[in-house]
Amino acid sequence: MRIKPPKIIRKLYPSFIWNFPDEKDGIFLTFDDGPRPEVTPWVLDLLDKYNAKATFFVVDNGRYGDLKKIAAAGHSIGIHTISHDYKKIYASEDAFFNDL
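Draft legend 1. Broad picture of the environment of F96. Looking at the element boundaries, F96 is found in helix α5 (residues 93-99). C-alpha separation for the pair F96 and Y86, spaced 10 residues apart in sequence, amounts to 9.1 Å. Setting aside anything within four residues of it in sequence, one finds F96 in contact with I89 and Y90.

Draft legend 2. Representation of helix α2 (residues 40-49) in the model. Taken together, the buried positions of α2 are occupied by T40, V43, L44 and L47. Along the long axis of α2, the arc covered by the buried residues comes to 100°, so they all point the same way. Exposed positions of α2 whose direction lies more than 90 degrees from the buried face are W42, D45 and K49. Residues of α2 that are buried in the fold lie against β1 (29-34), β2 (54-58) and α3 (67-72). Following α2 by one or two positions, N51 has its phi on the positive side, about 50°.

Draft legend 3. A look at the nonpolar core. V43, L44, L47, A54, F56 and I70 form the largest nonpolar core, which has six residues in total. Looking at this core, the elements that each hand over two or more residues are α2 and β2. Broken down by element, the residue count for this core peaks at three residues, all from α2. Not counting the four nearest positions on each side in its chain, F56 is found in contact with F31, T40, V43, L44, L47, I70, H75, S76, I77 and G78.

Conventions we followed
- Residues numbered from 1 in each chain as written.
- Predicted model: local features only at pLDDT ≥ 70, side-chain atom pairs only at ≥ 80, totals over all residues.
- Heavy atoms only, no water.
- Helix = DSSP H or I, 4+ residues; strand = E, 2+ residues; numbered from the N terminus.
- Contact = heavy atoms within 4.5 Å.
- Buried < 20%, exposed > 50% of the residue type's maximum accessible area, 1.4 Å probe, protein only.
- Arc of directions from axis to C-beta.
- Core = buried A, V, L, I, M, F, W, Y, C linked by side-chain atoms within 4.5 Å.

Such coordinate-based values are descriptive only and should not be taken to indicate function.
The structure is reproduced here in structure tokens:
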């Protein structure tokens, strides 16, 4: 089942990927809570070696590393919250959107 975000959201962020082809033999690689300077360069080198792409879900807009290198390698970047403090984020709807 696919859930599409409202059209207004898709229009506000036209460079985002909103649809994926139906792939029976494919997988999606994701990495959360980074980037981390002690891990991310190694992951990028490994992905490059196998000509694979991934999505990196970053915390705090990537304060732990350089997002430009990830994007330049052709990978996708998503936000994985600013604080990563789930007690705070889910305390209220306002808290969730403030963190987002």
